[in-house]
Protein chains: 2
Amino acid sequence: MGKPSEQRKQEIIDATLDLAASLGVKKVTTQAIADHVGIAQPTVFRHFKTRDAIFVAAISSIGEGLFRNLAAFFSGTGPADERLHQLVRAQLRFISQKRGLPRLLFSDRLHLESPLLKQAVQKIMNGYTQQVSRMIREGQAAGLMRQSLDADESAWLVAAMIQGLVMRWSIFDFDFDLAAEAEPLWGFIAAALLVEKGG
Amino acid sequence: MGKPSEQRKQEIIDATLDLAASLGVKKVTTQAIADHVGIAQPTVFRHFKTRDAIFVAAISSIGEGLFRNLAAFFSGTGPADERLHQLVRAQLRFISQKRGLPRLLFSDRLHLESPLLKQAVQKIMNGYTQQVSRMIREGQAAGLMRQSLDADESAWLVAAMIQGLVMRWSIFDFDFDLAAEAEPLWGFIAAALLVEKGG
DNA sequence: TATAATTGCAAGCAATTACTCACTTTTATA
DNA sequence: TATAAAAGTGAGTAATTGCTTGCAATTATA
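A.B. asks: For the environment of Gly78 of chain A, give the residues involved together with the corresponding values.
C.D. replies: Locating Gly78 of chain A in the fold gives a position in the loop between helix H4 (51-74) and helix H5 (80-96). Distance in space between the C-alpha atoms of Gly78 of chain A and Asp152 of chain A is 21 Å, their sequence separation being 74 residues.

A.B. asks: Outline the environment of Leu193 of chain A, supporting the account with residue identities and numerical values.
C.D. replies: For Leu193 of chain A, the position within the fold is in helix H10 (residues 182-193). Residue classification places Leu193 of chain A among the buried positions, given a relative accessible area of 3%. With 96 residues separating them along the chain, Leu193 of chain A and Gln97 of chain A place their C-alpha atoms 28 Å apart. Setting aside its immediate chain neighbours within four residues, Leu193 of chain A contacts Leu84, Ile136, Leu144, Met145, Arg146, Leu149 and Ser154 of chain A together with Phe188 of chain B.

A.B. asks: Quick rundown of the domain arrangement of chain A? Include the residues and the values.
C.D. replies: All names here are of chain A. Splitting chain A by domain gives domain 1 (1-48) and domain 2 (57-193). When each unit is reduced to the centre of its C-alpha atoms, the spacing between domain 1 and domain 2 is 28 Å. The interface is formed by 8 residues belonging to domain 1 together with 11 residues belonging to domain 2. Across the domain 1 to domain 2 interface the summed buried area is about 750 Å²; carbon plus sulfur atoms make up 79%. Of all residues in domain 1, Leu17, Ala21 and Val25 give up the largest surface area on contact with domain 2, accounting jointly for 60% of the area buried on that side. Applying the counting criterion to the domain 1 and domain 2 interface returns 0 salt bridges. At the junction of domain 1 with domain 2, the criterion picks out 1 residue pair in polar contact (both at pLDDT 80 or more). Residues that form the side of domain 1 that touches domain 2 fall into these classes: 6 nonpolar, 2 polar and no charged.

A.B. asks: Describe the relation of the copies chain A and chain B, and please don't skip the residues or the numbers.
C.D. replies: Structural alignment of chain A on chain B gives an RMSD of 0.1 Å, achieved by rotating through 180° and translating 0.0 Å along the axis. Both chain copies can therefore be described as sitting about a two-fold axis. Most of the interface of chain A is mirrored in chain B: 100% of its interface residues are interface residues there too.

A.B. asks: Please provide a residue-by-residue account of the pattern of salt bridges, values included.
C.D. replies: All names here are of chain B. Under the criterion given, the structure shown has 20 salt bridges over all chains. Across the salt bridge formed by Asp173 and Arg103, the nearest N and O atoms sit 3.9 Å from each other. In this pair, Asp173 sits in the loop between helix H9 (151-171) and helix H10 (182-193) while Arg103 sits in helix H6 (residues 100-105), placing the two residues 70 residues apart along the sequence. For Asp173, a relative accessible area of 39% gives the class partly exposed. For Arg103, a relative accessible area of 1% corresponds to the buried category.

A.B. asks: Residue-level account of the packing of aromatic side chains, with values.
C.D. replies: Applying the stated criterion to the full structure yields 9 aromatic pairs over all chains. Residues Phe74 of chain B and Tyr128 of chain B carry aromatic rings whose centres are separated by 6.2 Å and whose planes lie at 70° to one another, so their mutual orientation is edge-to-face. A residue pair is termed long-range when its members are at least 10 positions apart, and Phe74 of chain B in helix H4 (residues 51-74) and Tyr128 of chain B in helix H8 (residues 115-141) qualify at 54 residues. Each member of the aromatic cluster is reached from another via a ring pair, and the members are Phe67, Phe74 and Tyr128 of chain A. When the ring centre of Trp156 of chain B is taken as reference, the NZ or CZ atom of Arg168 of chain A above it lies at 4.0 Å. Seen from the ring of Phe176 of chain B, Arg168 of chain B lies directly overhead, with NZ or CZ sitting 4.7 Å from the centre.

A.B. asks: Run through the interface of chain A and chain B, naming residues and quoting values.
C.D. replies: With 47 residues of chain A at the interface, the matching set in chain B holds 47 residues. Taken together, the connections running from chain A to chain B amount to 4 salt bridges. Among the ionic pairs, Lys118 of chain B bridges to Asp173 of chain A, the shortest N-O distance being 2.8 Å. Counting across the chain A and chain B interface gives 8 residue pairs in polar contact (both at pLDDT 80 or more).

A.B. asks: Please provide a residue-by-residue account of the side chain of Ser154 of chain B, values included.
C.D. replies: Assignment of secondary structure puts Ser154 of chain B in helix H9. Looking at Ser154 of chain B, the relative accessible area reads 2%, which means it is buried. Ser154 of chain B has contacts with Phe188 of chain A together with Ile136, Leu149 and Leu193 of chain B, leaving out every residue within four places of it along the chain.

A.B. asks: Break down helix H5 (residues 80-96) of chain B for me, with residues and values.
C.D. replies: Here H5 of chain B contains 17 residues, and its C-alpha end-to-end distance of 24 Å stays within 8% of the 24 Å for a straight helix at 1.5 Å per residue. In terms of burial, H5 of chain B is a largely internal element, 13 of the 17 residues being buried.

A.B. asks: How would you summarise the packing of helix H1 (residues 5-23) of chain A against helix H2 (residues 30-37) of chain A if you had to cite specific residues and measurements?
C.D. replies: Residue and element names in this part refer to chain A. Remark: H1 packs on H2, axes separated minimally by 9 Å, with the N-to-C direction vectors making an angle of 115°. Our classification of the angle between H1 and H2 gives roughly perpendicular. Crossing handedness for the pair H1 and H2: right-handed. On H2, the residues touching Arg8, Glu11, Ile12, Ala15, Thr16, Asp18 and Leu19 of H1 are Ala32, Ile33, His36 and Val37. Of the residues contributing to the contact of H1 with H2, the split by class is 6 nonpolar, 2 polar and 3 charged.

A.B. asks: Talk me through H8 of chain B; I want residue IDs and the actual numbers.
C.D. replies: For H8 of chain B, with 27 residues, the first-to-last C-alpha span of 38 Å sits near the 39 Å given by 1.5 Å per residue. Of the residues one or two after H8 of chain B, Gly143 of chain B is the one with positive phi, at around 75°.

A.B. asks: Pulling in residues and values, what's your account of the packing of H5 of chain A against H10 of chain A?
C.D. replies: Residue and element names in this part refer to chain A. The geometry of H5 relative to H10 is characterised by a closest axis approach of 10 Å and an angle of 150° between their N-to-C directions. Considering the angle they form, H5 stands roughly antiparallel to H10. Classified by chirality, the crossing of H10 by H5 is right-handed. Judged by residue contacts, Asp81, Leu84, His85, Val88, Arg89 and Leu92 of H5 engage Ala182, Glu183, Leu185, Trp186, Ile189 and Leu193 from H10. For the contact of H5 with H10, the per-class residue count stands at 8 nonpolar, 1 polar and 3 charged.

Cut-offs used in this document
Residues numbered from 1 in each chain as written. Chains lettered and ligands numbered in written order. Predicted model: local features only at pLDDT ≥ 70, side-chain atom pairs only at ≥ 80, totals over all residues. Heavy atoms only, no water. Helix = DSSP H or I, 4+ residues; strand = E, 2+ residues; numbered from the N terminus. Buried < 20%, exposed > 50% of the residue type's maximum accessible area, 1.4 Å probe, protein only. Contact = heavy atoms within 4.5 Å. Domains from an automatic or database assignment. Buried area = accessible area lost by both parts, 1.4 Å probe. Salt bridge = Lys/Arg side-chain N within 4 Å of Asp/Glu carboxyl O. Polar contact = N/O pair within 3.5 Å; in protein donor to acceptor, adjacent residues only side chain to side chain. Nonpolar A, V, L, I, M, F, W, Y, C, P; charged D, E, K, R; others polar. Least-squares fit on C-alpha atoms with pLDDT ≥ 70 in both. Phe/Tyr/Trp six-rings, centres within 6.5 Å; stacked < 30°, edge-to-face > 60°. Lys NZ or Arg CZ within 6 Å of the ring centre and 35° of its normal. Expected span 1.5 Å × (residues − 1). Axes fitted to C-alpha atoms, helices over the stretch in contact; angles between N-to-C directions. Parallel < 35°, antiparallel > 145°, perpendicular 65-115°, else oblique. Left-handed = near helix turned anticlockwise from the far one by under 90°.

And the structure:
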């Protein structure tokens, strides 16, 4: 034994997300993590100072993965509406493979207990909506999207829809195909944002 | 002492929601509830068999309050779009006074631990979207709303937007006026749902 | 007023769990 | 190969916390 720390850290993060997905955050004890990784429980604390630090690292890990996954659409060159459509699709596909995310996102650990964790999430959400807002302004500048809607507000609402969708997915125990919701979701967003194509 | 049980039950529910709003669900211990009500901790168990039963009762209490509050808009007589607008406004106003709600809704207690609590929430969500879906179909029948959008899907997405909004409100520590978000939210929903008024 | 049910409490149990400590083994490096 | 740092462990601790129990006070009712 005695793996390099970075590797073990990632194993611990992966175990945390796996366990959160299947058992819920509360049952992700340091013992459960250790068992899942195959190390002793005190060893977990060799790699993370506290249990909360593990959750923060897990959220950050997903956040980075998300941005890596969506970067192409944020800064692509095609028309803004098509890129937004693809963004929504890619995002739901990504999240549908990360069931641990809603479990962490909707945990009460997040919602008052751990300021650090909350800050990490706030940062991700702010970064995300800024990018979407920029895309909407591009769409407006290109005459593709309604001038009447405020870009920032609309970006927040698009984000809110996705969050609400993910929340329903989690509350209903992942019992529908999240990625498949991309099309009706885009139908709604397009109806709201895009200017009517005159016949 | 020795109040009638129904009164004490309500006091316990109110205390639970108060504490959840200010401290987060995890810190709502039976001891904290007892202190807040002004009774001894074991006395709590005279009125609720388990701690979870308290949360279920609290969620149900809010659910009933919500439907009581929105019933008029669900079954009103005016045009569907105006009623939906008012519904959104009333709903956000109602929720903005119930900060304990998102704390419970986004607690990990809900998200795998307590099937009863989850069922209670699923029931409320289903009932809500059914009503909204019906309103949208009325709007479509009256020629006010786009035929191209599926009423059920749209109802879920409207609900998702509100949930996402409430979630942001909670993550950002209630630091913006939730009720004031009703107008931009309606602007977006209206753009999506309503048929363009031909000039 | 006698009786039974309800509401109340102090004390404590049993289980959980994040985290520490003393110590050994492995890995890296000079 | 000698040495130090890193990674690992078994055993244990301290704190929390949902819930039980035995008993007293209150309330309702006959």
